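# Structural characterization, general
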Amino acid sequence: IGEAFRAIGVKVIVEPRITPLMGNTDSSGIWRWGTLQCFFLKNRAVRACRKICEEFAPDIVHLNSSVLFHLAKGAKLAGVKQLVLHVREHWALKSWDPRERLKHTLVPRYVDAIVAISETASRLFGYPERTVVVYDWPEFEGRDEPVNLQTELGISPEKKVILCPGGRYPIKGSLMAL
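Structural notes, computed from the coordinates. (Residues numbered from 1 in each chain as written. Predicted model: local features only at pLDDT ≥ 70, side-chain atom pairs only at ≥ 80, totals over all residues. Heavy atoms only, no water.)

Let us look at helix 5 (residues 98-110). With 13 residues, helix 5 extends 18 Å between its outermost C-alpha atoms, agreeing within 8% with the 18 Å of an ideal straight helix rising 1.5 Å per residue. Regarding helix 5, the residues found buried are Pro-98, Arg-99, Glu-100, Leu-102, Lys-103, Leu-106, Val-107 and Tyr-110. (Helix = DSSP H or I, 4+ residues; strand = E, 2+ residues; numbered from the N terminus. Expected span 1.5 Å × (residues − 1). Buried < 20%, exposed > 50% of the residue type's maximum accessible area, 1.4 Å probe, protein only.)

The next thing to look at is the state of the cysteines. Under the definition given, this model contains 0 disulfides. No disulfide involves Cys-49; its sulfur sits 4.2 Å from the nearest other cysteine sulfur, which is in Cys-53. Looking at Cys-53, the relative accessible area reads 3%, which means it is buried. (Disulfide = S-S within 2.5 Å.)

Before going further, it helps to spend a moment on the packing of aromatic side chains. Under the criterion given, the structure shown has 1 aromatic pair. Taking the ring centre of Phe-125 as reference, the NZ or CZ of Lys-103 above it sits at 4.4 Å. (Phe/Tyr/Trp six-rings, centres within 6.5 Å; stacked < 30°, edge-to-face > 60°. Lys NZ or Arg CZ within 6 Å of the ring centre and 35° of its normal.)

The next subject is the pattern of salt bridges. One pass over the full model with this rule turns up 6 salt bridges. Ionic pairing is found between Lys-76 and Asp-112, a salt bridge with its closest N-O pair at 2.7 Å. Here Lys-76, found in helix 4 (residues 71-77), pairs with Asp-112, found in the loop between helix 5 and strand 3 (113-116); they are 36 residues apart in sequence, far enough to count as distant. Assessed through its relative accessible area of 33%, Asp-112 is described here as partly exposed. (Salt bridge = Lys/Arg side-chain N within 4 Å of Asp/Glu carboxyl O.)

With that settled, the discussion passes to unusual backbone geometry. With phi around 45°, Ala-57 is a residue other than glycine that occupies positive phi space. If you trace the backbone, Ala-57 turns up in the loop between helix 3 (42-56) and strand 1 (60-63). Even without being glycine, Tyr-127 reaches a positive phi, approximately 65°. Topologically, Tyr-127 is positioned in the loop between helix 6 (119-125) and strand 4 (131-133).

Together, Val-147, Leu-149 and Leu-153 give the surface a local cluster of nonpolar side chains, amounting to about 250 Å² of exposed area. With respect to the helices, strands and loops of the structure, Leu-149 is situated in helix 7 (residues 149-153). Residue classification places Leu-149 among the partly exposed residues on the basis of a relative accessible area of 35%. (Patch = residues over 30% accessible without salt bridge, like charges linked within 9 Å, V, L, I, M, F, W, Y side chains within 5 Å. Areas by Shrake-Rupley, 256 points an atom, 1.4 Å probe, with all protein chains shown as cover.)

Our focus in this paragraph is the nonpolar core. Counting residues in each nonpolar core, the largest one holds 26 residues, and the members touching the most others are Leu-63, Leu-85 and Ile-114. For this core, the secondary structure elements donating two or more residues are helix 3, strand 1, helix 4, strand 2 (82-87), helix 5, strand 3 and helix 6. In this view, Leu-85 contacts Leu-63, Ser-65, Ser-66, Phe-69, Val-111, Ala-113, Ile-114, Val-115 and Phe-125; residues no more than four positions away in its chain are not counted. (Core = buried A, V, L, I, M, F, W, Y, C linked by side-chain atoms within 4.5 Å. Contact = heavy atoms within 4.5 Å.)

Following the sequence through the fold, Ile-114 ends up in strand 3. The spacing of Ile-114 and Val-133 is 19 residues in sequence and 8.4 Å in space, taken between C-alpha atoms. Dropping the residues within four chain positions of it, Ile-114 is found in contact with Leu-85, Val-87, Val-107, Phe-125, Gly-126, Tyr-127, Arg-130, Thr-131 and Val-132.

Turning our eyes to something else, we now look at the environment of Glu-15. Its location among the elements puts Glu-15 in the loop between helix 1 (2-7) and helix 2 (33-40). As for Glu-15 and Ala-45, which are separated by 30 residues in sequence, their C-alpha atoms are 9.0 Å apart. Non-local contacts of Glu-15, meaning those with residues more than four positions away in its chain, are made with Ala-48 and Ile-52. Engagement of the side chain of Glu-15 in a polar contact is seen with the side chain of Arg-17, the distance being 2.8 Å. (Polar contact = N/O pair within 3.5 Å; in protein donor to acceptor, adjacent residues only side chain to side chain.)

Time to look at the pairing of strand 3. The side-chain alternation of strand 3 yields one buried face, formed by Ile-114 and Ala-116, and one unburied face, formed by Ala-113 and Val-115. Here strand 2 pairs with strand 3 via 4 bridges, running parallel. By the bridge assignment, Leu-85 is partnered in strand 3 with Ile-114. (Pairing = 2+ DSSP bridges.)

In structure tokens form, the structure reads like this:
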């Protein structure tokens, strides 16, 4: 997908230190090695996000997955004015899960707006006062046509926007968003 972005003039930065805070959500999920590894690498990911945001000074950062919420801290510490979190997953964690506690520490402090793909995703993630639901893949004529998001969202053309896709496959919709 990087080549597709470059072909339309978008600068592509690959930063392997930016990792999601994910893992299983069942009762034993936090104790699995992959989940623990993600949790312990979160500060490295936050620092990497902050460095990129300090270098490029975006006006808006869009985190395209609820498992990237921890990156909001790095973006805001770098001076980003607006941070939008996209909740696509039904990520229902238990109250005792450290990731759930971290979410309740970081989201109220660093996330300005949340876009959820369904009422269920919104309810399970929380924060209804800052959430708007935009249903995933609505059927309407012309939905696959290119659209200027800056114009549609009322963002002036001189503002910088960073899109942080939750994956690097075209089906994730990042090319369509641009």
